[in-house]
Amino acid sequence: MITVVIPTYNRCDFLKAAIDSVLSQTYRDFELIVVDDGSTDNTIDLIRSYGDSLVYLKQDNQGPSAARNRGIELSRGDLVAFLDSDDRWHPDKLLIQVEAMEEEPGYLISHTGEVWYRNGELLRQKKKHEKLPGYIFERSLSMCMVSMSTVIARRELFDNIGYFDERLPCCEDYDLWLRASLQYPFLLVDQPLTFKEGGRADQVSVIYRVGMDRFRIQSIVNLLEKEILSVEQREQAVTELRKKCRIYGNGCIKWGREEEGRRYLRIPELSGKLNNVNDEIRMRNDERNPNDE
């Protein structure tokens, strides 16, 4: 069985299409869990209209990582799939992806191609967004190479690498895929089975679009301080860390945040004191980002 987890926060206008795209799947052996992260709109009225077709959990607003983690904890399936509440699936998405994972039982995680829309307009994806199979750690350091709504993972993956980092208000997917790609290859089902909607002000990627790399920097530092990387992976991570810190640090200085900028410019040279660096980064991120989605 597959557990499908949809986290949502004040997305009633989009949630129906997401839920309907799950309930209309040709693959029927699934349970659907909707985790409401403190919505204040009409989400509960929409959920009631589905009766017992899904499992509903409401929690205080804690962010998308916490919502997804609650879904994983409640899941009964051997496989877990994620769908953002403003995205939707092709009717055969689960069937095609599950069959691919059954044919390749050595893979703990798979993802699919996708189609992007912005304000209803079809978007042409750039070369850098091309989906990749196999060991994708090096490419994943620069940007998030796996879209949340395309993923199916075996429960074993979370047992081995942990859940989403609830301290991150953004880039929590980047962080998890980095941890996964350290050890495991990704199976790519190279078909456009997921449809993403973008271009709205309420999306996390828009709210944190300025300075988003500070969360990616934190994720890389997290990996380095754990000392679980191979020599090659460490070199790759440090190279990307230097690049991101240089860009973000210089950007801070340009916009008048000189103290913050110089702090980030020093991070790559403090590899022997990564625990202190990480504490400092988290403190700065907490100061600058209230817990919102």
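None of these values were measured; they are calculated from a predicted model. (Residues numbered from 1 in each chain as written. Predicted model: local features only at pLDDT ≥ 70, side-chain atom pairs only at ≥ 80, totals over all residues. Heavy atoms only, no water.)

> Is there a simple way to think about the packing of helix α10 (residues 231–254) against helix α11 (residues 258–266) in this case?
Following both chains from N to C, one finds α10 and α11 inclined at 165 degrees, their axes separated by 7 Å at the closest point. Taken together, the axes of α10 and α11 lie roughly antiparallel to each other. Note that α10 runs across α11; the crossing there is left-handed. Residues C245, R246, Y248, G249, N250, C252 and I253 of α10 form the contact with α11, whose own contacting residues are E258, E260, G261, R262, Y264 and L265. In terms of residue class, the contact of α10 with α11 is built from 6 nonpolar, 3 polar and 4 charged. (Axes fitted to C-alpha atoms, helices over the stretch in contact; angles between N-to-C directions. Helix = DSSP H or I, 4+ residues; strand = E, 2+ residues; numbered from the N terminus. Parallel < 35°, antiparallel > 145°, perpendicular 65-115°, else oblique. Left-handed = near helix turned anticlockwise from the far one by under 90°. Contact = heavy atoms within 4.5 Å. Nonpolar A, V, L, I, M, F, W, Y, C, P; charged D, E, K, R; others polar.)

> What exactly am I supposed to notice about the pairing of strand β9 (residues 187–198) here?
Regular strands place their side chains on alternate faces of the sheet. Pairing between strand β5 (residues 88–89) and β9: 2 bridges, direction antiparallel. Note that in β9 the partner of R88 across the bridge is F195. As defined by bridge partners, strand β6 (residues 109–118) adjoins β9 across 9 bridges and the pair is classed as parallel. Paired with T112 across the bridge in β9 is V189. (Pairing = 2+ DSSP bridges.)

> How should I be thinking about the pattern of salt bridges in this particular structure?
Two side chains that carry opposite charge are able to pair once their charged atoms sit near each other. Under the counting rule described, the total for this entry stands at 19 salt bridges. Its salt-bridge partner being R70, residue E166 comes within 3.0 Å of it at the nearest N-O pair. Taken together, the positions of E166 in the loop between α6 (155–161) and α7 (172–183) and R70 in helix α3 (residues 64–74) put the pair 96 residues apart, joining distant regions of the chain. Owing to a relative accessible area of 37%, E166 belongs among the partly exposed residues under this scheme. Salt bridges here are not isolated pairs; linked through shared partners, they connect D213, R216, E240 and K244. (Salt bridge = Lys/Arg side-chain N within 4 Å of Asp/Glu carboxyl O. Buried < 20%, exposed > 50% of the residue type's maximum accessible area, 1.4 Å probe, protein only.)

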